[in-house]
Amino acid sequence: QIKDSATLTRDVLEQHFSDLKGTLKKLLDERLMSLLQEVDVIEQESIKPLDECQKLIEHGVSTADDLLREGESAVDGDVGQQNEKLCNFTKKALHIQLDSLPEVPSLVDVPCLSAQLDDCLLTILKNQIFRHGTVASRPPVQLEEFVEKPGGILVRWCKVDDDFVAQDYRLQYRKSSASPFEDVYVGSETEFMVLHIDPHVDYQFRVCARGDGRQEWSPWSVPQSGRTTLVPHEWTAGLEGYSLSSRRNIALRNDSQSCGVLYSKAPTYFCGQTLTFRQTVGQPDRRDSLGVCVEQRNGDDSLQRDKAVCISTNGAVFVNGKEMTNQLPAVTSGSTVTFDMEVVQLGPCSSEGGNFKLRVTISSNNREVVFDWVLDQCCGSLYFGCSFSYPGWKVLVF
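Residues numbered from 1 in each chain as written. Predicted model: local features only at pLDDT ≥ 70, side-chain atom pairs only at ≥ 80, totals over all residues. Heavy atoms only, no water.

**Let's talk about the pattern of salt bridges**
When the charged atoms of two side chains lie near each other, side chains of opposite charge can form a pair.
Turning to step 1, where the next piece is worked out: Considering all chains together, one arrives at 15 salt bridges under this definition.
Turning to step 2, where the next piece is worked out: A salt bridge links Asp-183 to Arg-170; its shortest N-O distance comes to 2.9 Å. Of the two residues, Asp-183 sits in strand S4 (residues 182-187) while Arg-170 sits in strand S3 (residues 166-174), which places them 13 residues apart along the sequence.
Turning to step 3, where the next piece is worked out: Note on Asp-183: relative accessible area 40%, which makes it partly exposed.
Turning to step 4, where the next piece is worked out: The salt bridge partner of Arg-227 is Asp-202, with a shortest N-O separation of 2.8 Å. (Salt bridge = Lys/Arg side-chain N within 4 Å of Asp/Glu carboxyl O. Helix = DSSP H or I, 4+ residues; strand = E, 2+ residues; numbered from the N terminus. Buried < 20%, exposed > 50% of the residue type's maximum accessible area, 1.4 Å probe, protein only.)

**Considerations on the UniProt feature "domain: Fibronectin type-III" (unreviewed entry) in the protein chain**
Turning to step 1, where the next piece is worked out: Mapped onto this numbering, the UniProt entry gives "domain: Fibronectin type-III" (unreviewed entry) at residues 139-232.
Turning to step 2, where the next piece is worked out: With 0% helix and 52% strand, residues 139-232 has its two end C-alpha atoms placed 33 Å apart. (UniProt positions renumbered as here; feature names shortened; annotations may be inferred.)

**Some thoughts on the pairing of strand S19 (residues 367-375)**
Turning to step 1, where the next piece is worked out: Where strand S18 (residues 356-364) meets S19, 9 bridges bridge the pair, whose relative direction is antiparallel. By the bridge assignment for S19, Arg-359 is matched with Asp-372.
Turning to step 2, where the next piece is worked out: The turn linking S18 back onto S19 is made up of 2 residues, and Asn-365 within it adopts a positive phi angle of 50°. (Pairing = 2+ DSSP bridges.)

**Section: the packing of aromatic side chains**
Turning to step 1, where the next piece is worked out: Per the stated rule, a full pass over the model turns up 11 aromatic pairs.
Turning to step 2, where the next piece is worked out: On the numbers, 5.9 Å between centres and 45° between planes, the contact of Trp-157 with Tyr-185 is tilted. Of the two residues, Trp-157 sits in strand S2 (residues 152-159) while Tyr-185 sits in strand S4, which places them 28 residues apart along the sequence.
Turning to step 3, where the next piece is worked out: Taking the relative accessible area as the measure of exposure, Tyr-185 reaches 15% and is therefore buried.
Turning to step 4, where the next piece is worked out: Ring geometry for Phe-277 versus Phe-339: centroids 5.9 Å apart, planes at 85°, classification edge-to-face. Here Phe-339 lies in strand S17 (residues 336-344) and Phe-277 lies in strand S12 (residues 274-280), a separation of 62 residues in the sequence.
Turning to step 5, where the next piece is worked out: An aromatic cluster is defined as three or more aromatic residues linked by ring pairs; in this entry it consists of Phe-146, Tyr-173, Tyr-203 and Phe-205.
Turning to step 6, where the next piece is worked out: Taking NZ or CZ as reference, Arg-206 lies 4.1 Å from the ring centre of Phe-181, over its face. (Phe/Tyr/Trp six-rings, centres within 6.5 Å; stacked < 30°, edge-to-face > 60°. Lys NZ or Arg CZ within 6 Å of the ring centre and 35° of its normal.)

Now the structure itself:
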């Protein structure tokens, strides 16, 4: 583990700093090109009036030189030609202004380019680079526990660095070592129920944290494997009043006028487990029910009957069809209702049957009721079910 993590850390550091070098070189090259272009623009704009002034001066000198040679020629000729040449020379000289020159910019107005480069950038970069990156010998959070759930795994983690103040946690998982990790939870809780897990398949998990007020995530925890041997809970397909999701763990009460109890596909709830319902609410009715039962029974419109325990959407609790005096809060959207059961046997359990008692805990909206459910037969596993009179209810079971 030490060698593998050290090798991986070296690879990450080398790749990161290689990327930084490439990015810094690109940025410096872009800045250099920008400054050179700025020099070119200033040079072209500043030299243009000076070039025009020079051309005017050279043109005036050339004109004066031509006139001078023409005057010398007029003086050197014979008398007849001399008078004519002098006359022409005089007329030409009167039309040429030899005493005017273009305005030459003063020296202080002529740009003199220079580059201002100081060492402050190097100092800033040096300080930032020397503080960039850290090597941690252990991550501040580690995976703590995997709890098997039907078609899921409850993953728990904890802090191992007391000085680290966590703001958020980030949980990832993958199905095999050949697959990439993917986010499954980001938040402040220290546990999360990962659903849609195939039974008897190993999944790898890892977790990291983000410090209070920080943007970057901590190093990942050591990946650990988790699995579940429990098949996922599924609703029974085909009941007219309900539509199911592709995995059959979500049931939606549709617009059909038909009503009845929607049961689980099989008796997949075992004592010692926690059965959880999470729902989106519709219009409530006093005959609505969420709960467990010993057997499927066609023809009933509610689990408020014998051999069943349930909670109504208004919070009333029913045991074998009788309403208890203790009541829970009404079911709300996004809330969860949980059932926990443990066996308390009163008499011998045989093939002929006998007294059998289950200690039941039903929780809803941070409140719970606890009671004993007496049955006339041993029940190693139970069905779950629901019934709603009006459309709009949606129930996820896990």
